[in-house]
Structure formats: structure tokens, C-alpha cells
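Coordinate inspection notes
Listed here are the chains, written in short residue letters.
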Amino acid sequence: MKKGEFTFTMIKPKAVELGNLIPILYDISQAGFKVVAMKMTRLSLVQAKKFYAIHKERPFFKDLVEFMSSGPVVAAVLQKDNAVEEYRKLIGTTNPAEAEDGTIRKKYALSVQANAVHGSDSDENALIESNFFFSQFEIFA
Ligand code: CMP
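Conventions used here
- Residues numbered from 1 in each chain as written.
- Predicted model: local features only at pLDDT ≥ 70, side-chain atom pairs only at ≥ 80, totals over all residues.
- Heavy atoms only, no water.
- Near = heavy atom within 4 Å.
- Polar contact = N/O pair within 3.5 Å; in protein donor to acceptor, adjacent residues only side chain to side chain.
- Areas by Shrake-Rupley, 256 points an atom, 1.4 Å probe, with all protein chains shown as cover.
- Nonpolar A, V, L, I, M, F, W, Y, C, P; charged D, E, K, R; others polar.
- Buried < 20%, exposed > 50% of the residue type's maximum accessible area, 1.4 Å probe, protein only.
- Helix = DSSP H or I, 4+ residues; strand = E, 2+ residues; numbered from the N terminus.
- Arc of directions from axis to C-beta.
- Contact = heavy atoms within 4.5 Å.
- Salt bridge = Lys/Arg side-chain N within 4 Å of Asp/Glu carboxyl O.
- Pairing = 2+ DSSP bridges.
- Axes fitted to C-alpha atoms, helices over the stretch in contact; angles between N-to-C directions.

Quick word on the site of the ligand
Contacts to the ligand come from Lys-12, Tyr-52, His-55, Phe-60, Leu-64, Thr-94, Arg-105, Val-112, Gln-113, Asn-115 and His-118. Between Tyr-52 and the ligand, the recorded distance is 2.7 Å, taken from a side-chain N or O atom to an oxygen atom. In the model, an oxygen atom of the ligand is placed 3.2 Å from a nitrogen or oxygen of the Arg-105 side chain. Taking 450 Å² as the accessible area of the ligand by itself, protein coverage stands at 75%. Class assignment of the residues belonging to the shell around the ligand gives a composition of 4 nonpolar, 5 polar and 2 charged.

Next comes the structure, spelled out in C-alpha cells:
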């Protein structure tokens, strides 16, 4: 994976439960991202804690990891020039109440916690998060 060309995303449990998986994937595709890895899986509590370890001191950590392990998620690695920044623009702000019209979170999020999708915040984290979910044989880049 060439730095700068990839980001990692997860469609969160509530968005999957509400049937928004395909509409979200369509928006991602329409925005010019290519899916180079994808799987539906359910995180255990231990795995969710590990994935979000960077937030472990935050007051919302317990709720966050319980929510993220409450049902299936869809994880994917996306390819596009300047992928991390471009994807963050497409999904909108963490709090959907502040997200711009047309963004994925504005369209599909219910709350800060159930904010439809996760997106990597840096190239370094895109690589770490992709490797958390996928082996080298599952990323077609
Ligand atoms: P995500 O992009 O998955 O990265 C960390 C997540 O923590 C974030 O989206 C939110 O869903 C969640 N989060 C961030 N801030 C808060 C908060 N103040 N209250 C509850 N959840 C939060």
C-alpha cells in the first residue's frame, strides 16, 4: 500500500442494522474511491478495545467499544489520491449535527456515537487500521 493513496473505513453496527450499508457504499463509489479490501465481521469487546485503544482514557470509551461490538460492521480499505483527507471530507465531521449537507454522516448518522462510519485520521493510522482487519493476502492493492 503506497502512503497517501489509501484509507480505512468501517460501516458501524447501527448503519448496517438500519440497512444503510449499500447506500453508503454507493456514495463511496460515486466519490471515486476504489474498494481494495472488504469484509463483514463482528468485533469482540476485546477487539473493539484494541482498535480504539487511542481513546481508552476518554469518558466515552466504554460506550464506544460496547457499541462497536454490538453487531456486525463492514470494514474496507479504500484507494484514491489523497485518500485520508478526501474520505474525511466525504464523511463529514464526527458529530453529525455539525456535518455538511451531502456528507455520509449528515445523511446516515444518528448521533456522535452512532455516526455511521469510521474513517482513518492519518496515513499512519490508515495502515495500522487496515492491518488490524486484513492480512496482506486480503488487500488487493
Ligand atoms: P470514529 O471516527 O469511529 O472515532 C472514534 C469514535 O468515538 C468517533 O468516531 C465517535 O463515534 C466516538 N466519539 C467521539 N467523541 C465522542 C463523544 N464525545 N461522545 C461519544 N462518542 C464519541
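Right, picking up where we left off after that structure.
A look at helix H5 (residues 83-91)
If you check which residues of H5 are buried, you get Ala-83, Val-84, Tyr-87, Leu-90 and Ile-91. Buried residues along H5 cover an arc of 125 degrees about the axis, so they all sit on one side. Residues of H5 that are buried sit in contact with strand S1 (6-11), helix H2 (21-30), strand S3 (73-79), helix H6 (104-108), strand S4 (117-119) and helix H7 (123-133).

A word on the environment of Gln-79
Following the sequence through the fold, Gln-79 ends up in strand S3. Residues Gln-79 and Phe-33 lie 46 residues apart in sequence; the distance between their C-alpha atoms is 5.5 Å. Apart from the residues lying within four places of it in its own chain, the contact partners of Gln-79 are Glu-5, Phe-6, Gly-32, Phe-33, Lys-34 and Val-36. A polar side-chain atom of Gln-79 sits 2.9 Å from a polar atom in the side chain of Glu-5.

With respect to the pattern of salt bridges
Under the counting rule described, the total for this entry stands at 8 salt bridges. Here Lys-39 ties to Glu-138 by a salt bridge, and the two come within 3.4 Å at their closest N and O atoms. Highlighted residues: Lys-39 in strand S2 (residues 34-41) and Glu-138 in the segment after H7, separated in sequence by 99 residues. A relative accessible area of 24% means that Lys-39 is categorised as partly exposed. For Lys-80, the salt bridge identified is with Glu-86, shortest N-O distance 3.4 Å. The partly exposed category is assigned to Lys-80, whose relative accessible area is 23%. Connected through salt bridges with shared partners, the residues Lys-80, Glu-86 and Lys-89 form a single ionic network.

With respect to the sheet that holds S4
Here 4 strands make up an open sheet; going across it, the order is S2-S3-S1-S4 and the pairing antiparallel. The sheet is open, and its two edges are formed by S2 and S4, each paired on a single side. Each neighbouring strand pair of the sheet contributes to a mean axis angle of 15 degrees, computed without reference to strand direction. Examined bridge by bridge, S1 and S4 share 3 bridges and lie antiparallel to one another. Counted as the bridge partner of Thr-9 is Gly-119 from S4.

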